[in-house]
Amino acid sequence: MPIITALKAYDLRFPTSLEAHGSDAMHTDPDYSCGYVVITTDAGDGLEGHGLTFTCGRGTEVVVVAIQSLSFLLIGKKLEDIYGDFSGFWRALTSESQMRWIGPEKGVIHLATAAIVNALWDLWAKREGKPLWKLLVDMEPEKLVSCIDFRYISDVLTKEEAVEMLKKKQEGKADREKEMLQKGYPAYITSAGWLGYSEDEIRRRCREGLAQGWTRFKVKVGADLADDVRRCGLIREEIGWDNTMMVDANQRWDVQESIDHMKRLAEFKPLWIEEPTSPDDALGHATIAKALNPLGIGVATGEQCQNRVIFKQLLQAGGLQFCQIDSCRMGGVNEVVSVILMAAKFGIPVCPHAGGVGLCQMVQHLAVFDYVSVSGSLDNRVCEFADHLHENFKEAIVIKNASYVLPKAAGYSTEMKPESIRDYQYPNGAVWQQLFKEGKFTAP
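Residue numbers run consecutively from 1 along every chain, following the written order of its sequence. Given that the model is predicted, a residue must reach a pLDDT of at least 70 before its local features are reported, and side-chain atom pairs must reach 80 or more before they are shown or counted; all residues, however, enter totals for whole chains, interfaces and linings. To obtain the side-chain values, all non-hydrogen atoms of the structure were used and water was disregarded.

Accessible area is worked out with a 1.4 Å probe on protein chains only. A residue is then buried under 20% of its type maximum, exposed over 50%, and partly exposed in between. Note on conventions: DSSP H or I runs of at least 4 residues are helices, E runs of at least 2 residues are strands, and numbering of each starts at the N terminus. Looking at helix H3 (residues 86-94), one finds that the buried residues are Phe86, Ser87, Phe89, Trp90, Leu93 and Thr94. The arc that holds the buried residues of H3, viewed along the axis, is 160 degrees, so those residues lie on one side. For H3, the secondary structure elements touched by its buried residues are helix H1 (60-70), helix H2 (79-84), helix H4 (107-128), helix H13 (308-317) and helix H14 (333-346). By arc we mean the arc of the directions from the helix axis to the C-beta atoms, nothing more. Two residues qualify as a contact provided that any one of their heavy atoms is within 4.5 Å of a heavy atom in the partner residue.

Another aspect to go through is the nonpolar core. Leu74, Phe86, Leu120 and Trp121 are the most contacted members of the largest nonpolar core, which totals 140 residues. Take this core: its biggest share by element is 13 residues, from H4. Non-local contacts of Leu74, meaning those with residues more than four positions away in its chain, are made with Ile4, Leu7, Ile39, Phe89, Leu93, Ile116 and Leu120. Within this scheme, the nonpolar core is defined by two criteria: the residues are buried Ala, Val, Leu, Ile, Met, Phe, Trp, Tyr or Cys, and they are joined through side-chain atoms within 4.5 Å.

Think of a 1 Å grid over just the protein atoms. A cavity is a set of points where a 1.4 Å probe fits yet cannot get out, a pocket is an open set with protein on both sides within 12 Å along at least five of seven lines, and lining residues have an atom within 4 Å of a point. Grid points are joined across faces, edges and corners, and a volume is the space filled by probe spheres set on the points. Counted under the stated rule, the structure contains three cavities of 30 Å³ or more. Quantified by volume, the largest cavity comes out at close to 60 Å³. Broken down by secondary-structure element, the contributors of at least two residues to the lining of the largest cavity are H3 and H4. Take the lining of the largest cavity: its biggest share by element is three residues, from H4. Classifying every residue of the lining of the largest cavity gives five nonpolar, three polar and two charged. Its boundaries defined by the atoms lining it, the second largest cavity holds a volume of some 40 Å³. In terms of lining residues, the second largest cavity is bounded by Leu136, Val137, Met139, Glu140, Pro141, Leu144, Leu166, Gln170, Lys173, Phe369 and Ser373. Charged means Asp, Glu, Lys or Arg here, nonpolar means Ala, Val, Leu, Ile, Met, Phe, Trp, Tyr, Cys or Pro, and polar covers whatever is left, Gly included.

This brings us to the environment of Gly332. Mapped onto the elements of the fold, Gly332 is located in the loop between strand E9 (322-323) and H14. On a C-alpha basis, the gap between Gly332 and Thr113 in space is 7.1 Å, while along the polypeptide they are 219 residues apart.

A word on the layout of surface pockets. Each pocket or cavity is described by its volume, and for the largest pocket that value is around 350 Å³. Phe54, Cys56, Glu303, Gln304 and His353 are the residues nearest the centre of the largest pocket, which is lined by 26 residues in total. Looking at the lining of the largest pocket, the elements with two or more residues in it are strand E3 (49-55) and strand E5 (216-220). Each residue belonging to the lining of the largest pocket can be placed in one class, and the counts come to nine nonpolar, eight polar and nine charged.

So, about the sheet that holds strand E2 (residues 33-41). Read across the sheet, three strands follow the order E1-E2-E3 without closing on themselves; strand pairing throughout is antiparallel. At either end of the open sheet lies a strand with only one pairing partner, and these are strand E1 (4-13) and E3. Direction aside, neighbouring strands of the sheet carry axes that sit 15 degrees apart on average. Pairing between two strands is assigned when DSSP locates at least 2 bridges connecting them. Pairing of E1 with E2, which is carried by nine bridges, proceeds in the antiparallel orientation. Considered in E2, the bridge of Tyr10 is made with Tyr36. In this analysis, axes come from line fits to C-alpha atoms, helices being fitted only over the stretch in contact, and the angle between any two N-to-C directions falls in the range 0 to 180 degrees.

This part covers the pairing of strand E6 (residues 244-248). Burial within E6 is extensive, with four of its five residues counted as buried. As paired strands, E5 and E6 are joined by five bridges and run parallel to one another. Across the sheet, the residue bridging to Arg216 is Thr244, located in E6. Every crossover in which the path from the first strand over the helix to the second runs clockwise, viewed with the strands pointing away from the viewer, is termed right-handed. Following the backbone out of E5, through helix H10 (residues 225-239) and into the adjacent parallel E6, one traces a crossover that is right-handed. Inspection of the sheet shows E6 paired to strand E7 (residues 270-274) by three bridges, in the parallel sense.

So, about the packing of aromatic side chains. Pairs were defined over the aromatic rings of Phe, Tyr and Trp, the Trp ring being its six-membered one, requiring ring centres within 6.5 Å. Orientation was assigned from the angle between planes: stacked under 30 degrees, edge-to-face over 60, tilted for the rest. What the rule picks out here adds up to 17 aromatic pairs. Between Tyr188 and Trp272 the ring centres are 5.5 Å apart and the planes differ by 80 degrees, which places this aromatic pair in the edge-to-face class. Taken together, the residues span a long stretch of sequence, with Tyr188 in strand E4 (residues 185-189) and Trp272 in strand E7 at a distance of 84 residues. Per residue, the accessibility class of Tyr188 equals that of Trp272, and both read buried. Here the aromatic rings of Phe385 and Tyr404 are separated by 6.2 Å at their centres, their planes lie at 80 degrees, and the arrangement is edge-to-face. You can see Phe385 sitting in strand E10 (residues 383-385) and its partner Tyr404 sitting in strand E12 (residues 403-404), a full 19 residues away along the chain. What makes Tyr404 buried here is its relative accessible area of 2%. Here the aromatic residues Tyr83, Phe86, Phe89, Trp121 and Trp124 are joined through ring pairs into a cluster of three or more. In this structure, Arg13 packs its charged tip against the face of Tyr426, placed 3.8 Å from the ring centre. For a lysine, the NZ atom is tested; for an arginine, the CZ atom; a charge sits over a ring if that atom is within 6 Å of the ring centre and within 35 degrees of the ring normal.

In structure tokens, the structure reads:
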């Protein structure tokens, strides 16, 4: 079995702040970025593992250093030893006795873990000749569950329960997979509602989205209540009342503030309020959810939930009605699968967070796996889509009829085009050198 011979980490940044793409109440000028990983082996087959973790510009260099600092745990390892005991390897990666001090299982060190683990899954899927969703769907329940570290969550989900849950969903799997291949996975769009967009731009994007068949739209709120009312009003004016609207505050409010503001915005009939307060405040989310339930507004969160433990507490406390797993905020596929299983046990729909750099590429696999192998339901389930930067990937996502078309290429859809890796490296890539020359950014 091949041995890992090298791990390269890249600081890739895209100047999205120039046009306010991705802007919200907390992140007013993000430059969508990622810590990008390439893993190579001595197999001689040309296959590489490509993985990433999403960031917002400044600070990406810190993530890259963390990735490099963890690389000693991979170099020289046999792939069969990693994949044969993936939960053990995952725990070794997240519990390294010195590195875990700057986590543990959260923050920069966990973002670095995600990039590495995502690259390993990409390589595994490529070696099996399958897209990642198919690799996960085809795994025997015992094998898939063996990839999960159940430490800290066994009080709500045991290995035995997880295996039984997967076995119960074996019936009908083939039909659900066929359905996904024919129809794709339903999506909603965020690209119309960034906070930094002008009114004209929002109206244009809403009309464009409707023309393309979108029926679910998300709008950013949280900077100013009066402006939130105005923007929600104009979006309802554009999309009508038969279509679905969600709102997202990106952690801007305190608990009572969240309740008060959403009571004011309730007239616009949002399906959910996303990230109303601190992502770590499970009990605060529960308080908000209880107050908004009579108004028919759910609470959605997860894109900055740092690990399975926070999700466990949110589920236990009734703090979310929509579980928004993120492909790289947690420690990669292994941990994401554990949250998908916990959400299913609590009867909470999984609606993956996406956008950014590469997140849409990855979560399409996770959403399909959830439907085919775990939940078996599309009720209240929808996957986020934001139309940015997909052209930089070799196997870019495809949207048809407001749904993700299932990827067929082997891997996790995370491999970027060589020219994108070359040109968007910060600060020496050609794109950044030109932006510095034009004075649009200040060189470091």
